[in-house]
Amino acid sequence: MRSISFQSQSFILLREFFLFAIGFVLFSSCDTGKSNLNPIVDSEVPVLQRSQNSKHKTIKVPGHITNAPLSSDIVEINGKEKLLLLDNQKIYIFDWEAEALEDSIDLSRCGSLQNYSGFKWVNEDSIWVYNYSTHMLSLVDKNSNIREYREIIPKGTKNAPIDIEALDYERIGFHNGNLYFSGGAIGNIKDAGEGKRFPSLVVNADSVKHFLPYSDIYYSNSYSLYMNAVSHDLDDEGNFIQSFPPDHFVYIYSADLKDIEKIYMGSRYIKSISPNPSMMTSFDRGKMEEYYALTSSYGNIIYDKYRGVYYRVAEMPIDNWTRDDIIKPFSIIAMDKTHEIIGETDIIPKNENLLHLLYICREGLTIRKRPEGNKLDFIILDFVNE
């Protein structure tokens, strides 16, 4: 069995459950029988070992800055890695190595940035900011000047419009001048009428185009609205990878959006994922949380440009669940660019307080701990597949 060695760090708040009533964090009680959707096709997945050499990083956050940003990222600026945090008015720039705040960019000209807003840092003169409430994109430079506006009007049907977001779960992608977004259908895709639903879109100077429809399982089963929200990323060649919460497979679109591949990237721990038709008529927060807590699903997917590896989160049910307990045990699946699964970690218990949203820096995949006080804690895992 071949071996690899790479490190990992993660970051960011778990996709919020408490956002507005139609929210994407929706879940319901899980009393239906499990259907064997997309059965496991490869159970001989190597174990991706976590070594004892994991590094920890703590960044102190001044009192006027939230420890639960709308969105965030780790980027390179002038050859140095920076941690960027977005609140409703500014992007705060922290030196990742020095673990210190060094600058901020005022975004007040972009309007008030509420939940589901986000940004894409291209360079210091090209920072795309998405205002969820207005569906407007602003191109900002480091001096807060607005260089361009673009409007995004989500396309959809009366029964299942697509809600475009830019959380860390669905970070804005950028390649060759194109911006890539994802969101989710607000409603039951199965009962939304004829035709496919497209949860992703690409934006350029001339057009807004939806592409990559929901996978087929959505048209034969009903899930909670949370299961409609998808995660995506781009590789270094501009290929677009999409992960659907109830699907063991991922979908990779070529950079020219002409070809698509369906690739198995399932977890050894998830045998089936339970649909729940009753969820679609309920907006009871308690039931939504319960369904999420007791149901397996797939979460964030991200591409590691330094190692040529895709990572995908597999979320497990919570044992002895209690109300407001929203951190699930999870594993991380790694797949290389030939679409071979390199391995999967053991299940990471929820008492480690690691959030499920992933970031990449030179050292690897970064996982952020649940926020406490005026600091952000990260763990940089050292993975060794033996």
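Anyway, here's the lowdown on the structure attached to this text. Everything numeric here is computed off the predicted structure, so don't read it as measured data.

Regarding the packing of aromatic side chains
On inspection of all chains with the given rule, the structure shows 13 aromatic pairs. Seen from their ring centres, Phe211 and Tyr253 are 5.3 Å apart, and the 80° between their planes marks the pair as edge-to-face. With Phe211 in strand β16 (residues 208-211) and Tyr253 in strand β19 (residues 249-253), this pair connects stretches of sequence that are 42 residues apart. Overall, Phe211 belongs to the buried group, its relative accessible area being 3%. Judged by centre distance (5.7 Å) and plane angle (65°), the rings of Tyr218 and Phe244 are edge-to-face. In this pair, Tyr218 is assigned in the loop between β16 and β17 (231-234) and Phe244 in the loop between β18 (240-243) and β19, connecting sequence segments 26 residues apart. We classify Tyr218 as buried; its relative accessible area is 1%. On the basis of relative accessible area, Phe244 is assigned to the buried category, the value being 0%.

Some points on the sheet that holds strand β11 (residues 146-151)
Pairing within the open sheet is antiparallel, and its four strands lie in the order β8-β9-β10-β11. The two strands at the open ends of the sheet, each matched to only one other strand, are β8 (118-123) and β11. On average, adjacent strands in this sheet sit at an angle of 15° to one another, irrespective of strand direction.

Some points on the environment of Arg362
With respect to the helices and strands, the residue Arg362 is situated in the loop between β25 (354-361) and β26 (364-369). With 286 residues separating them along the chain, Arg362 and Glu76 place their C-alpha atoms 9.5 Å apart. Setting aside residues no more than four positions away along its own chain, Arg362 makes contact with Glu76, Gly79, Lys80, Glu81, Tyr306 and Arg307. A polar contact of 2.5 Å, which involves the side chain of Arg362, links it to the backbone oxygen of Gly79.

Let's talk about the layout of surface pockets
Empty space within the largest pocket amounts to approximately 750 Å³. Lining the largest pocket are 31 residues; nearest its centre among them are Asp73, Lys120, Asp233, Leu234 and Lys305. Secondary-structure elements contributing two or more residues to the lining of the largest pocket are β4 (71-77), β8, β13 (173-175), β17, β21 (297-304) and β25. Class assignment of the residues belonging to the lining of the largest pocket gives a composition of 15 nonpolar, five polar and 11 charged.

Quick word on the pairing of β26
Of all six residues that make up β26, five are buried, and the element is covered over most of its length. Summarising the sheet, β25 and β26 pair through five bridges and their orientation is antiparallel. Across the sheet, Ile360 pairs through a bridge with Leu365, a residue of β26. Hairpin connection, β25 to β26: the antiparallel pair is bridged by two residues.

With respect to the pattern of salt bridges
A complete count under the given rule lists 13 salt bridges for this structure. Residue Glu363 pairs with Lys55 through a salt bridge whose shortest N-O separation is 2.2 Å. Of this pair, Glu363 sits in the loop between β25 and β26 while Lys55 sits in strand β3 (residues 55-60); the two residues are 308 residues apart in sequence, bridging distant segments of the chain. With its nearest N and O atoms 2.6 Å apart, the salt bridge here joins Glu148 to Arg150. Counted as one network, the salt bridges with shared partners bring together Asp73, Asp168 and Arg171.

Considerations on the sheet that holds strand β20 (residues 260-264)
In a beta sheet, neighbouring strands pair by backbone hydrogen bonds and run either parallel or antiparallel. The antiparallel open sheet is built from four strands, whose spatial order is β17-β18-β19-β20. Edge strands, defined here as strands with exactly one partner in the open sheet, are β17 and β20. Put simply, the sheet's adjacent strands are angled 20° from each other on average, direction ignored. Of the strand pairs in this sheet, β17 and β18 are connected by four bridges, and their pairing is antiparallel. Residue pairing for β18: Asp233 is matched across the bridge by Ile241.

Quick notes on the rules
Residues numbered from 1 in each chain as written. Predicted model: local features only at pLDDT ≥ 70, side-chain atom pairs only at ≥ 80, totals over all residues. Heavy atoms only, no water. Phe/Tyr/Trp six-rings, centres within 6.5 Å; stacked < 30°, edge-to-face > 60°. Helix = DSSP H or I, 4+ residues; strand = E, 2+ residues; numbered from the N terminus. Buried < 20%, exposed > 50% of the residue type's maximum accessible area, 1.4 Å probe, protein only. Pairing = 2+ DSSP bridges. Axes fitted to C-alpha atoms, helices over the stretch in contact; angles between N-to-C directions. Contact = heavy atoms within 4.5 Å. Polar contact = N/O pair within 3.5 Å; in protein donor to acceptor, adjacent residues only side chain to side chain. 1 Å grid on protein atoms, 1.4 Å probe; cavity = no way out; pocket = protein on both sides within 12 Å on 5 of 7 lines; lining within 4 Å. Points joined across faces, edges and corners; volume = space filled by probe spheres on them. Nonpolar A, V, L, I, M, F, W, Y, C, P; charged D, E, K, R; others polar. Salt bridge = Lys/Arg side-chain N within 4 Å of Asp/Glu carboxyl O.

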